[in-house]
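Geometric and topological summary
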Amino acid sequence: EQLVQSGAEVKKPGSSVNISCKTSGDTFSHYVINWVRQAPGQGLEWMGGILPSFNTKKYAQNFQGRVTISADKSTNTVYMELSDLRSADTAIYYCARSTGFQRILFDPWGQGTLVTVSS
Amino acid sequence: DIQMTQSLSSLSASVGDRVTISCQATQDISNYLNWYQLKPGQAPKLLISDASNLEAGVPSRFSGSGSGTDFTFTISSLQPEDFATYFCQQYDSLPPTFGGGTKVESK
């Protein structure tokens, strides 16, 4: 299974970014797709996830109100939109699959999307 | 949230060395602990799940142990392709949280 993410983005502070993660039909139908980011010199941080088959979403408290995760069944693609960008949002963003929201084990991962926020 | 601490942010080692990385949780997570390898420009890779379960296709020089709050990840004989950053992650409860990572560098 391979998760394929969209390319690097450069954004202005205050704007939004939308990153995509293309999956297989089986993954889209039966798994959760999560978003995890790594800021420069920082650890990994879970942002939230979606179970596309039920459109069930969970978000990390740190990102509530700024992140929106959605899914497009016609293309088996999951999207993550982060709004009101600030320099601290400069990071590599990964999508990663899990079997559910209970006991989240991430496997596999996408290749990552670098988002740079700069004026 | 459960906090995960990797005591070393980096370590220097040579090919053939035995490398040990520790990870500590702020509360009992049983064995719900994973280890990942991260290399620049690549997708992170799950190496070990359930604290000690080696994932399919992962070389046997990698191993993990521990339960409760204290865990250890070991590379028995470091290979050139093992220079990378390693993260632990608890999945006992939401949100899943990661250690800060340990970068294994060439001595």
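Structure's up top.
A brief structural summary.

What counts as what
Residues numbered from 1 in each chain as written. Chains lettered and ligands numbered in written order. Predicted model: local features only at pLDDT ≥ 70, side-chain atom pairs only at ≥ 80, totals over all residues. Heavy atoms only, no water. Helix = DSSP H or I, 4+ residues; strand = E, 2+ residues; numbered from the N terminus. Buried < 20%, exposed > 50% of the residue type's maximum accessible area, 1.4 Å probe, protein only. Contact = heavy atoms within 4.5 Å. Pairing = 2+ DSSP bridges.

1. What about the environment of Thr-85 of chain B?
Residues and elements named next belong to chain B.
- Position of Thr-85 among the secondary structure elements: in strand β9 (residues 85-90).
- For Thr-85, a relative accessible area of 18% translates into the label buried.
- A sequence separation of 50 residues divides Thr-85 from Trp-35, and the C-alpha atoms of the two residues are 10 Å apart.
- Look past the residues within four positions of Thr-85 in its chain and what remains in contact with it is Tyr-36, Gln-37, Leu-38, Gly-101, Thr-102 and Lys-103.

2. Some points on the sheet that holds strand β1 (residues 4-5) of chain A
- Taken in spatial order, the 4 strands make up an open sheet running β1-β3-β8-β7 (chain A), and their pairing is antiparallel. Bordering the open sheet on either side are β1 and β7 (67-72) of chain A, each of which pairs with just one other strand.

3. A few points about the environment of Gly-41 of chain B
All names here are of chain B.
- Locating Gly-41 in the fold gives a position in the loop between β4 (33-38) and β5 (45-49).
- Judged by its relative accessible area of 78%, Gly-41 falls in the exposed class.
- Considered as a pair, Gly-41 and Glu-105 are 64 residues apart in the sequence and their alpha carbons are 17 Å apart.

4. Structural notes on the pairing of strand β9 (residues 91-98) of chain A
All names here are of chain A.
- Across the 8 residues of β9, 7 count as buried, placing the element largely inside the fold.
- Note: strand β4 (residues 32-38) against β9, 7 bridges, orientation antiparallel. Each residue of the ladder has a partner; that of Val-32, found in β9, is Ser-98.
- Inspection of the sheet shows β9 paired to strand β10 (residues 113-117) by 3 bridges, in the antiparallel sense. Looking across to β10, one finds that Ile-92 is bridged to Leu-114.

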